[in-house]
Amino acid sequence: MLTLSRVNELAKYRELIIKLAWSDFKLRYKNSALGFFWSLFEPLMMLIVLYIVFSNLMRIQVEYYQLFLLLGIILWNFLDRGTTMSIYGIIGKPSLVQKVYFPRDILIISSCITALMMTMLEFVVFLIFMAIFKIIPTILVIYAPIFILIEFLLILGLALGLSALNVFFRDVQFIWRLILQVGFFATPILYPITIFPENLQKLVMLNPIAGIISMMRGCLLYGIMPPPTYLIYVTISTLIILFIGYGIFDHYEPKFAEAI
Amino acid sequence: MSAVVEVEDLWKSFQIPHERRTTLFENLTNFFRPNNYETYAALKGINFSVEKGDCIGIIGDNGSGKSTLLKIIANIMRPTKGKVVVTGKMTPFLELGVGFQPDLTARENVGVYATIMGLKGRDIEGRTDEILEFAGLQKFEDTKLKNLSSGMQVRLAFSTAVQTEPDILLVDEVLAVGDIEFQQKCFEVFDNYKKEGVTILFVSHDLQSVRMFCDKTLLLRGGEQVEFGDTNRVIDKYIYKSDEQDEVQSKNDKWGTKKVEIFDVKFLDKNGSENTNFISGDPLRIRIFYNSAELVKSPIFGIIVYHQDTYCYGTTTDFMNQGIPYVFGKGHVDFYLEKLSLLEGKFDFTIAVASPDYESSYDWHDRLYSIQVHKRTQNLGLFDLGGSWNVERYD
C-alpha cells in the first residue's frame, strides 16, 4: 500500500530515481543529430496535420484553435508516453530486477519522470506559441503545475498497474495501445467538449484526463477558473487510480524476479 | 559477536507450469482447463547464521540452490517459507555492471551504476576520477561504453562496485570473469573488506579460493543443507561426495566403493615398530596396506594431516608424481618422512585411495588415525620449520 513510510522510503532513493530518469532521457536522444529537437518536432508535425484537417475540413470553430490543439496534444502525449514507456519498465530491465535490489516501483517512477522531462520540453514550445499569439496568461497560470502533478500521479497509477500486469500477461501492452488509440478520439483533444449533447458531455468528462486537459486549457488560454467540485472529483479519481495501481503492483511485485 | 544474517528454516519452491501462459489470451482460453504445475523445491529447510565479520563460502553443484539462496538473502526473491533476517547495509555483487547502458559514456555509466549500488551523489562526484583511474580508463572517460572492450567494461564495473561501503557483501561468481591479474585484484579487495570487518557471503565453484578466504562453508546438495561448518572439512565432504549415512558415523568415517580396500594402516617409528607416539624430527613411515580383488589401474593414495579442524597438509601419490601403474591383490604403500616436521600435539590422519581422476573414492578413512607428537626442543607451535639462528657481532 502507498503509506507515509513508503513515501519516506522512496525519498531515500530520490538520487537513484533522478539518475535513472535522467540517463533514460539522455539515451533517447543520444544517437540522433537533432537530439531532443525530435521530441519537439513530433507534436509540431502532429499539430500542423491536425490543424489543417480540423480547422479547414471539419470547420471547428474554437478561439486560439492552434493552441487549444497543441496543449491537448502535449498533455495527451504525456499520458501516452508515460504509460507506454513504463509498461516495459519491469520486463525491459531484467538485470535491474534480477541482480540487484531496490524498491521496484522506482523503475516505474523514474520512467514516468522521464516522460515528464520530455513534456516539460514541449511546454517550452507551447510558451513560445503563446508569445507568438500574444496571449497574456492570467493569474490562473498558477494552476498549471497542479494539473501537471495530478496528471503525473494519474500516469504513475496507470503505469504501476499496467507494468506489473504486463510481466505476467504480455498482451497487456497491446491492449493498452488499443485503449490509447480509442482514448485519443474519445477525449476532447481535437474538438471542444461542447460538440457533444449535454448528457454525453457528463459521461466523457468522467475521464480524469479529459478533465485535466479541459481545465488546463481554461486556465492557460481562456482565463476560466476550474470548477472546484470538478477539480476535487478529478483529484480523487486520480488518487483512487494511484492506489489501485499500487495495489496491483504490490500484489505481483514479489514474483517479478522469477517471472521475467 | 552477533548474527548479522540469520536464515531460519528457509524453503523456496518454484512453480513451473507445464505450458507457460504468458498472454492474457492464453489465460482466457484455458480458463476452464487447469494448468498443471510442477513444483520444484529449490531450497529445503536451510538454517544457518552468520556472525559479523565472518566470511562464508557457499558451495555445491549446479542447481543445488546456491544462487537462489543468495537472491533471497538479497531480497530479490521472497522465500516460500521461513525467514531471513539481515542487519546492516547489504551490497549484492551478483553481477557486475548491472544497469550499464552501452550508449552512455564511461563517466556517465559510473554515475548511474554507483547510484544503483547505493552510493550517495556527493560521494560519487568526488570519486569518479579515482574510479576511472583505478580501472585504467581515464583516457576513455568520454567514450561510449559500447566502444570499450568487455575487459574494460568489467574493470570499470568492478572499480565502481568496490567503492561501496557495505556491512554485508554478497558475491556470486564475480571472480569467474577476467584474467589472472584481475582476479588477483579482486582478491586483494575482498581481503581488505575482510580486514575491515565486512561480512562476506561468497558463492563459488572455485574451491581453492573458498579454502583461502572462507572461515566457514555451507554445502548445498539438491536444495538441502548438507553441512555448515569448518571450510576444509566441508570442502572435503563435497569433493569426495560422501553420502548422508556417513554423517551418522561422524568421527569414524569410512566410505568408498571398496574397489581397492585399505585394510590396515600402521605408523612405524625409527625402529620399524608400530607406534602412536613420535618425537619431532624423527623419521616416520606410514604404511598403508591395501587389498584389491581385481586389477585396478592407476589408483591414487592420499594422506591428509589435521590438527583439530585445521587442514595442515595434504598429499597424494599423484601430487608427487609417484604414479602407481596398477594394484592387484594385497600389498602396501609407504609414505616416508625422514624428519617429522610436526612439532607438538595430536594430529589426525585421513588415509584414502581414489580413482585416477579423483572421481570416486575407493576407500576413504576420514581422520580415523592419529598420532601424538612430542617435541625435544622448547620451540612452540604445531610445526618445526627446521630453522637455525646465527649471531654475528660487529665489534
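Everything below is about the structure printed above this text.
In this report, we go over the structure that sits alongside the text. Keep in mind that what you see is a predicted model, and the values were worked out from it rather than measured. Residue numbers run consecutively from 1 along every chain, following the written order of its sequence. Chain letters and ligand numbers both follow the written order, the letters beginning at A and the numbers at 1. With the structure being a predicted model, the display of local features is reserved for residues of pLDDT at least 70 and the display and counting of side-chain atom pairs for 80 or more, all residues being used for whole-chain, interface and lining totals. To obtain the side-chain values, all non-hydrogen atoms of the structure were included, while hydrogens and water were left out.

Describing the overall build of chain B
In step 1: A run of H or I in DSSP counts as a helix once it spans at least four residues, and a run of E counts as a strand once it spans at least two, with each numbered from the N terminus. Along chain B, the regular secondary structure elements total 9 helices and 18 strands.
In step 2: In this setup the radius of gyration rests on C-alpha atoms only. A globule is expected at 2.2 Å times the number of residues raised to 0.38. For chain B, whose C-alpha radius of gyration is 27 Å, the value lies well above the compact-globule estimate of 21 Å for 395 residues.
In step 3: Once the C-alpha set of chain B is aligned to its principal axes, its extents read approximately 85 × 80 × 45 Å.
In step 4: Looking at chain B as a whole, 44% of its 395 residues are labelled buried.
In step 5: Considering only contacts in chain B between residues 6 or more positions apart, those separated by 24 or more positions represent 70%.
In step 6: Computed with the Shrake-Rupley method and a 1.4 Å probe, the accessible areas treat only the protein chains shown as cover for residues. Summed over its atoms, the accessible surface of chain B is roughly 20,500 Å², and 49% of this surface lies on carbon and sulfur atoms. Each residue's exposure class comes from its accessible area (1.4 Å probe, protein chains only) as a fraction of the maximum for that residue type: buried when under 20%, exposed when over 50%, partly exposed otherwise. Whether two residues are in contact is decided by their heavy atoms: any pair within 4.5 Å suffices.

With respect to the interface of chain A and chain B
In step 1: Residue-level contacts link 30 residues of chain A with 33 residues of chain B.
In step 2: Take the accessible area each of two parts loses on contact, using a 1.4 Å probe, and add the two losses: that sum is the buried area. Of the roughly 2,800 Å² buried where chain A meets chain B, counting both sides, 56% is carbon and sulfur surface.
In step 3: Its largest share of buried area at the contact with chain B, chain A owes to A:Lys99, A:Tyr101 and A:Glu258, together 21% of the area lost on that side.
In step 4: Only one rule defines a salt bridge in this text: a Lys or Arg side-chain nitrogen within 4 Å of an Asp or Glu carboxyl oxygen. Scanning the region where chain A abuts chain B turns up 4 salt bridges.
In step 5: A salt bridge links B:Arg78 to A:Glu253, with the nearest nitrogen and oxygen atoms 3.1 Å apart.
In step 6: Any pair of nitrogen or oxygen atoms within 3.5 Å is treated as a polar contact; in protein, a donor-acceptor pairing is required on top of that, and neighbouring residues in sequence qualify only through side-chain atoms on both sides. Between chain A and chain B we count 5 residue pairs in polar contact (both at pLDDT 80 or more) in total.

Here we look at a positive patch on the surface
In step 1: Together, A:Arg14, B:Lys89, B:Lys120 and B:Arg122 make up a positively charged patch on the protein surface.
In step 2: Mapped onto the elements of the fold, A:Arg14 is located in helix 2 (residues 14–28).
In step 3: With relative accessibility at 54%, the residue A:Arg14 sits in the exposed group. Candidates for patches are residues over 30% relative accessible area with no salt bridge; among them, like charges are joined within 9 Å and nonpolar side chains (Val, Leu, Ile, Met, Phe, Trp, Tyr) within 5 Å. Counting rule for charge: Lys and Arg are taken as positive, Asp and Glu as negative, and neither His nor the chain ends is counted. Charge positions come from single atoms, namely NZ of Lys, CZ of Arg, CG of Asp or CD of Glu.

Examining unusual backbone geometry
Among all residues save glycine, negative phi is the norm, and among peptide bonds the norm is trans.
Residue and element names in this part refer to chain B.
In step 1: A positive phi is found at lysine 258, a non-glycine position, where the angle reads about 65 degrees.
In step 2: By the element assignment, lysine 258 lies in the loop between strand 10 (253–255) and strand 11 (260–268).
In step 3: Residue class for lysine 258 comes out partly exposed when judged on its relative accessible area of 38%.
In step 4: Notably, serine 298 is not glycine yet its phi reads approximately 40 degrees, a positive angle.
In step 5: Tracing the chain through its elements places serine 298 in the loop between strand 13 (284–297) and strand 14 (300–307).

Quick look at helix 3 (residues 106–116) of chain B
In step 1: Within helix 3 of chain B, 9 of the 11 residues are buried, which leaves it mostly tucked inside the rest of the structure.
In step 2: Within helix 3 of chain B the residues assigned to the buried category are B:Ala106, B:Asn109, B:Val110, B:Gly111, B:Val112, B:Tyr113, B:Ala114, B:Thr115 and B:Ile116.
In step 3: Buried residues along helix 3 of chain B sit in contact with helix 2 and helix 5 (94–98) of chain A together with helix 4 (121–134) and helix 5 (150–161) of chain B.
In step 4: Remark: B:Gly118 follows helix 3 of chain B within two positions and exhibits a positive phi of approximately 95 degrees.

Side note on the packing of aromatic side chains
All names here are of chain A.
In step 1: Between the rings of Phe, Tyr and Trp (Trp by its six-membered ring), a pair exists once the centres lie within 6.5 Å; its type follows the angle of the planes, with under 30 degrees stacked, over 60 edge-to-face, and the other angles tilted. In this structure the tally under the stated criterion is 24 aromatic pairs over all chains.
In step 2: Centroid distance tyrosine 230 to tyrosine 233: 5.9 Å. Interplanar angle 20 degrees. Geometry classified as stacked. With tyrosine 230 and tyrosine 233 both in helix 11 (residues 228–252) and 3 residues apart, this pair spans about one turn of that helix.
In step 3: Owing to a relative accessible area of 30%, tyrosine 233 belongs among the partly exposed residues under this scheme.

Remarks on helix 4 (residues 65–87) of chain A
In step 1: For a helix, the expected span equals 1.5 Å multiplied by the number of residues minus one. Between its first and last C-alpha atoms helix 4 of chain A spans 33 Å; for 23 residues at 1.5 Å apiece the expected length is 33 Å, and the two agree.
In step 2: Within helix 4 of chain A, 22 of the 23 residues are buried, which leaves it mostly tucked inside the rest of the structure.

Here's the deal with the nonpolar core
In step 1: Among the nonpolar cores identified, the biggest contains 137 residues, and A:Phe123, A:Phe126, A:Phe147, A:Met216 and B:Leu156 are the most heavily contacted of them.
In step 2: Among residues more than four places away in sequence, those in contact with A:Phe147 are A:Ile212, A:Met215, A:Met216, A:Cys219, A:Pro226 and A:Leu231. To form a nonpolar core, buried Ala, Val, Leu, Ile, Met, Phe, Trp, Tyr and Cys residues must be joined to one another through side-chain atoms within 4.5 Å.

Observations regarding the pattern of salt bridges
All names here are of chain A.
In step 1: Across all of its chains, the model carries 27 salt bridges over all chains by this definition.
In step 2: A salt bridge links aspartate 105 to arginine 6; the nearest nitrogen and oxygen atoms lie 3.3 Å apart. With a gap of 99 residues between them, aspartate 105 in helix 6 (residues 105–132) and arginine 6 in helix 1 (residues 4–12) connect regions that are remote in the sequence. Of the two residues examined, aspartate 105 and arginine 6, each falls in the buried class.
In step 3: One continuous salt-bridge network, built from bridges that share partners, spans Arg6, Asp105 and Asp250.

A few points about the sheet that holds strand 11 of chain B
Residues and elements named next belong to chain B.
In step 1: Whether two strands pair comes down to DSSP finding at least two bridges between them. Pairing within the open sheet is antiparallel, and its 3 strands lie in the order 11-13-16. Edge positions in the open sheet fall to strand 11 and strand 16 (326–337), since each of these has one partner strand only. The mean angle between the axes of side-by-side strands here comes to 15 degrees, regardless of whether they run parallel or antiparallel.
In step 2: Examined bridge by bridge, strand 11 and strand 13 share 8 bridges and lie antiparallel to one another. From the neighbouring strand, phenylalanine 267 faces strand 13, where its bridge partner is isoleucine 286. Note on geometry: axes are C-alpha line fits, over the in-contact stretch for helices, and angles between N-to-C directions span 0 to 180 degrees.

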